Amino acid sequence: MPEHILIRPAVEVDFTAWLPLWDGYNAFYGRSGATALPADTTRTTWSRFHDVDEPMHALVAEGPSGLLGLAHFLFHRSTIQLGPSCYLQDLYTTEAARGRGVARALIDEVYRRAKAAGAPRVYWQTHETNATAMMLYDKVAEKSGFVVYRKML
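The shown structure was predicted, so the numbers you read here are calculated from the model rather than taken from an experiment. (Residues numbered from 1 in each chain as written. Predicted model: local features only at pLDDT ≥ 70, side-chain atom pairs only at ≥ 80, totals over all residues. Heavy atoms only, no water.)

K.L.:
Describe the packing of helix 3 (residues 102–116) against helix 4 (residues 131–140), listing the residues and the values that go with them.
P.N.:
Between helix 3 and helix 4, the shortest axis-to-axis distance is 11 Å and the interhelical angle comes to 40°. With respect to their mutual orientation, helix 3 and helix 4 come out oblique. Like other packed secondary-structure pairs, helix 3 and helix 4 cross with a definite hand, here right-handed. On the side of helix 3, the interface is formed by Ala103, Arg104, Ile107 and Tyr111, while helix 4 contributes Leu136, Tyr137, Lys139 and Val140. Looking at side-chain class alone, the contact of helix 3 with helix 4 contains six nonpolar, no polar and two charged residues. (Axes fitted to C-alpha atoms, helices over the stretch in contact; angles between N-to-C directions. Helix = DSSP H or I, 4+ residues; strand = E, 2+ residues; numbered from the N terminus. Parallel < 35°, antiparallel > 145°, perpendicular 65-115°, else oblique. Left-handed = near helix turned anticlockwise from the far one by under 90°. Contact = heavy atoms within 4.5 Å. Nonpolar A, V, L, I, M, F, W, Y, C, P; charged D, E, K, R; others polar.)

Dropping the structure here:
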């Protein structure tokens, strides 16, 4: 893990420090300005991380100057295995934190928590243009070969 970086669960009082990370993540994927997520989606997402009955979880990377990154993951059932699958839905670090091992530390902590929960696998997706992130992903996981299809309803 990078020097002086703590990976920990997000707590309620982190909201104001977490929000710029969340907004940066969403902006990276084109969800800003006119296409930004509604505020109630953000508030509901945040509240789910702190609801013990929800399968959603949030980790943050904290350095001496504040929060440097986030990882959101959730557990779900699968038809092909008995244990739950762990889906790493969101991963983001500040620009200043990139290349310093923060994202890898967040992924490693998701792996640790997934294993502790009995999940035999962790998976995620990224945009095909996210070449910088894929350089890390190629070191810590294997490409599944699957293509994602979706239809907005």
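K.L.:
Go over the sheet that holds strand 5 (residues 121–123) with me, naming the residues and quoting the values.
P.N.:
Reading across from one edge, 1-2-3-4-5 is the order of the five strands in this open sheet, with mixed pairing throughout. Unpaired on one side and paired on the other, strand 1 (6–9) and strand 5 mark the two borders of the sheet. Direction aside, the axes of adjacent strands within the sheet are offset by 25° on average. With four bridges connecting them, strand 1 and strand 2 (residues 56–63) associate as antiparallel partners. Following the sheet pairing, leucine 6 is matched in strand 2 by glutamate 62. Helix 2 (residues 39–49) contacts strand 2 and strand 3 (66–76) of the sheet and is inclined by roughly 90° relative to strand 2. (Pairing = 2+ DSSP bridges.)

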